[in-house]
Amino acid sequence: MWKARREDEKPSTPNPSPNQNPQPPAPVVPAPASNQPRTVETPRMDTYRAVDVAHIGKSVIIKGELSGSEDLYLDGEVEGNIDLHNHNLVIGPNGRVRANVFAKDVVIHGKVDGNVNGVEKVELKKSALLNGDINTQRIVIEDGAFFKGAIDIHKAEPKPEPVRAVTPVVAPPPVASATGGSAAAATEKK
Amino acid sequence: MRTGTPGCAGSQLPSLVRSPLDFFRNLFGGSTEPPFESAAGAARIARRSTGFNQFTRYILRPDGQKVLDLGATSSSNILFITGLGHKAYNEDVLKAANEKRLVFAGGEEGSAAEAVERFLAEELQYEPESFDAVLMWDVCDYLPEPLVKPVVQRIYRITKPQGALLAFFHTRAAGAEAPYYRYHIKNEETLELQRGPEFQLQRVFQNRHVENLFREYRSIKFFLGKENIREVLLVR
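Numbers given to residues run from 1 along each chain, matching the order in which its sequence is written. Lettering for chains starts from A, numbering for ligands starts from 1, and both go in the order in which the items are written. A pLDDT threshold of at least 70 governs which residues receive local features in this predicted model, and a stricter bar of 80 or more applies before side-chain atom pairs are shown or counted, although totals over entire chains, interfaces and linings include all residues. Side-chain measures were taken over the full set of non-hydrogen atoms in the model, leaving aside hydrogen atoms and water.

### Description of the overall build of chain B
And then number 1: Starting at the N terminus, helices and strands are each numbered in turn, a helix being any DSSP run of H or I of at least four residues and a strand any DSSP run of E of at least two. When helices and strands are tallied, chain B shows 9 helices and 9 strands.
And then number 2: For chain B, the proportion of its 236 residues judged to be buried stands at 54%.
And then number 3: Contacts between residues were defined by any pair of non-hydrogen atoms, one from each residue, lying within 4.5 Å. Restricting to contacts in chain B with at least 6 residues of sequence separation, those with at least 24 account for 69%. Burial classes follow relative accessibility: with a 1.4 Å probe on protein chains only, a residue under 20% of its type's maximum area counts as buried, one over 50% as exposed, and anything between as partly exposed.

### Overview of the packing of aromatic side chains
Residue and element names in this part refer to chain B.
And then number 1: The criterion for an aromatic pair is that two Phe, Tyr or Trp rings (for Trp, the six-membered ring) have centres within 6.5 Å, with stacked assigned to planes under 30 degrees apart, edge-to-face to planes over 60 apart and tilted to the rest. For the structure on display, the rule yields 15 aromatic pairs over all chains.
And then number 2: Look at Phe52 and Phe80: their rings are 5.8 Å apart centre to centre, the planes differ by 55°, and that puts the pair in the tilted class. Remark: Phe80 occurs in helix H4 (residues 75-83) and Phe52 occurs in helix H3 (residues 50-59); sequence separation between them is 28 residues. There is no split in this pair, since Phe52 and Phe80 are both buried.
And then number 3: Where Tyr89 meets Tyr126, the ring centres are 6.0 Å apart and the plane angle is 90°; that geometry is what we call edge-to-face. Linking Tyr89 in strand E3 (residues 87-90) with Tyr126 in the loop between helix H6 (109-122) and strand E4 (131-137), this pair joins segments that are 37 residues apart in sequence. Of the two residues examined, Tyr89 and Tyr126, each falls in the buried class.
And then number 4: Three or more aromatic residues link up through ring pairs in this structure, and these residues are Phe52, Phe55, Phe80, Trp137, Phe168 and Tyr183.
And then number 5: Charge-over-ring placement is defined geometrically: NZ (Lys) or CZ (Arg) within 6 Å of the ring centre, and within 35 degrees of the ring normal. Cation over ring: Arg47 sits above Phe168, and NZ or CZ is 5.5 Å from the ring centre.
And then number 6: The ring centre of Tyr156 lies 4.1 Å from the NZ or CZ of Arg236, which sits over that ring.

### Some remarks on the sheet that holds strand E6 (residues 181-185) of chain B
All names here are of chain B.
And then number 1: Only strands that DSSP links by at least two bridges are regarded as paired with each other. Here we have 3 strands laid out as an open sheet, ordered E1-E7-E6, and antiparallel in their pairing. The open sheet has two edge strands with one neighbour each: strand E1 (44-48) and E6. Strand-to-strand twist in this sheet, taken as the mean axis angle between neighbours without regard to direction, amounts to 30°.
And then number 2: Bridge count for E1 against strand E7 (residues 190-195) is 5 bridges, and the pairing is antiparallel. Note on E7: the bridge partner recorded for Arg44 is Gln194.
And then number 3: Whenever a helix is involved, its axis is fitted only over the stretch in contact; in every case the axis is a line through C-alpha atoms, and angles between N-to-C directions fall within 0 to 180 degrees. Strands in contact with H4 are E1 and E6; relative to E6, the strand with the most contacts, it is inclined by about 30°.

### Looking at the pairing of E7 of chain B
All names here are of chain B.
And then number 1: Across the 6 residues that make up E7, a large majority, 6, are buried.
And then number 2: Two elements, E6 and E7, share 5 bridges in a ladder whose sense is antiparallel. Note that in E7 the partner of Arg182 across the bridge is Gln194.
And then number 3: Between E6 and E7, which follow one another and run antiparallel, lie 4 residues.

### Let's talk about the nonpolar core
And then number 1: In this structure, Met136 and Phe214 of chain B are the most contacted members of the largest nonpolar core, which totals 42 residues.
And then number 2: Contributions of two or more residues to this core are made by helix H5 (93-99), H6, E4, helix H7 (139-142), helix H8 (145-158), strand E5 (159-170), helix H9 (207-213) and strand E9 (229-235) of chain B.
And then number 3: Residue contributions to this core peak at 7 residues, all from H8 of chain B.
And then number 4: In this structure Met136 of chain B touches Leu70, Val151, Val152, Ile155, Leu165, Leu166, Ala167 and Phe214 of chain B, once residues within four positions along its chain are discounted.
And then number 5: The term nonpolar core refers to a set of buried residues drawn from Ala, Val, Leu, Ile, Met, Phe, Trp, Tyr and Cys, joined through side-chain atoms within 4.5 Å. In this structure, Leu72, Ile91, Val97 and Phe147 of chain A belong to the second largest nonpolar core, which totals 28 residues.

### Overview of the environment of Ala88 of chain B
And then number 1: Its place among the elements puts Ala88 of chain B in strand E3.
And then number 2: The spatial distance from the C-alpha of Ala88 of chain B to the C-alpha of Asn77 of chain B is 8.6 Å, given a sequence separation of 11 residues.
And then number 3: Residues within four places of Ala88 of chain B in sequence aside, it is in contact with Gly149, Ala150 and Ile151 of chain A together with Val67, Ile81 and Thr82 of chain B.

### Describing the pattern of salt bridges
Pairing between side chains of opposite charge can happen when their charged atoms approach one another.
And then number 1: Within this document, salt bridges are pairs made up of a side-chain nitrogen of Lys or Arg and a carboxyl oxygen of Asp or Glu, the two lying within 4 Å of each other. Summed over all chains, the structure comprises 14 salt bridges over all chains.
And then number 2: A salt bridge links Glu123 of chain A to Lys125 of chain A; its shortest N-O distance comes to 2.7 Å. The two residues Glu123 of chain A and Lys125 of chain A agree in class, both being buried.
And then number 3: Residue Lys148 of chain A is joined to Glu123 of chain B by a salt bridge in which the shortest nitrogen-to-oxygen separation is 3.0 Å. In this pair, Lys148 of chain A sits in strand E11 (residues 146-153) while Glu123 of chain B sits in the loop between H6 and E4, so the two residues belong to two different chains. Exposure class is identical for Lys148 of chain A and Glu123 of chain B. Each is buried.

### Side note on the environment of Arg215 of chain B
And then number 1: Turning to its location among the elements, Arg215 of chain B is positioned in the loop between H9 and strand E8 (219-224).
And then number 2: In protein, a polar contact means a hydrogen-donor-capable atom and an acceptor-capable atom, both N or O and within 3.5 Å, with residues adjacent in sequence counting only if both atoms are side-chain atoms; elsewhere, any N or O pair within 3.5 Å suffices. Within the local environment of Arg215 of chain B, its side chain forms a polar contact with the backbone oxygen of Asn212 of chain B, the two atoms lying 3.0 Å apart.

### Things to note about unusual backbone geometry
And then number 1: Of note, His85 of chain A is a non-glycine position whose phi angle comes to about 50°, a positive value.
And then number 2: One non-glycine residue, Leu124 of chain B, lies in positive phi territory at about 50°.
And then number 3: With respect to the element layout, Leu124 of chain B can be found in the loop between H6 and E4.
And then number 4: Residue Leu124 of chain B is classed as buried on the basis of its relative accessible area, which comes to 0%.

So yeah, pure geometry; function would need other evidence.
Here you go:
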């Protein structure tokens, strides 16, 4: 009556019970009090060392315009302007920026003196110190981050809908009725 | 370590029995420690605030107002303000006053005045009548004495006519050891308190002092809040 279920027919369990696959709970990091020494969060470097991410180390000092068309991990000092257009910028815990920043997503662990323009998102980590204005669509501020300035959240512009191929509707030629038709048609006839 | 409810430092009750609930906690071996102590200041306590509820009426409409928050950086405050369609400004005046380590006391009269001048040259630098509303929280209670009046005057100057200001003041019952709290906006009528840095309460204002301090404002309303706090709503 009951068909033996084969091993490969077992239903998949998207949420296995803790006993089957025990995982340690995610560590909860308490927010540091402001009078305590600021703990500098060290982001996982391998996260930012992908092939397409440029890396500026903590001993590098740049004065002038910094622009590019790839993601950037910045742990050094920059004085001037940073413009990455549609690419992401991560300012590491050792990063010291005295510049206006323009990028798609901006993540700040270090110190920034200047305005930050993140097209999609700006994220202030708990070790972040930002003196300047923020202009973005979305913002994430971790407890402990310091911010002095203005925040302007602008709504995402609606994406233009794909243009459908529309067959042009050709209006039928006016047909003059036996009783006279429209005035225009009547004029043309004349 | 304090064991009472927030702002009850001056209470004369025995430290272990502050309420019937605490009595039974002790009886069964429970802890009277409030959650914020054990969580290293990270936990938050929700508190209903009539003053803030009244304050929000000034900033609900229209969109595009400029709101200045003088407390510690709070993502929930920023999200609340920007969620209303306004522009949020943040300036942690207390942190700045403590970090600069300006010589306000014990020095000569001239040095205190110079320190105040230096402070105001770097902080609260906005055009006159810039803001529609200001959240001052309980900054006045923790500011060094020489800074209180100049800061209040500066805030008056940068607030628009008809602009609203919300300030909190401890009552005498709060005691000298009243801890400093960061205020997070939860919704239009609820605030969340979170233990902040160990700023020392500098003074307790009486209602008459508050009225004198803000005498240039057009209207002033007092609300008695919880935990020995008076909430004051001012309109310029």
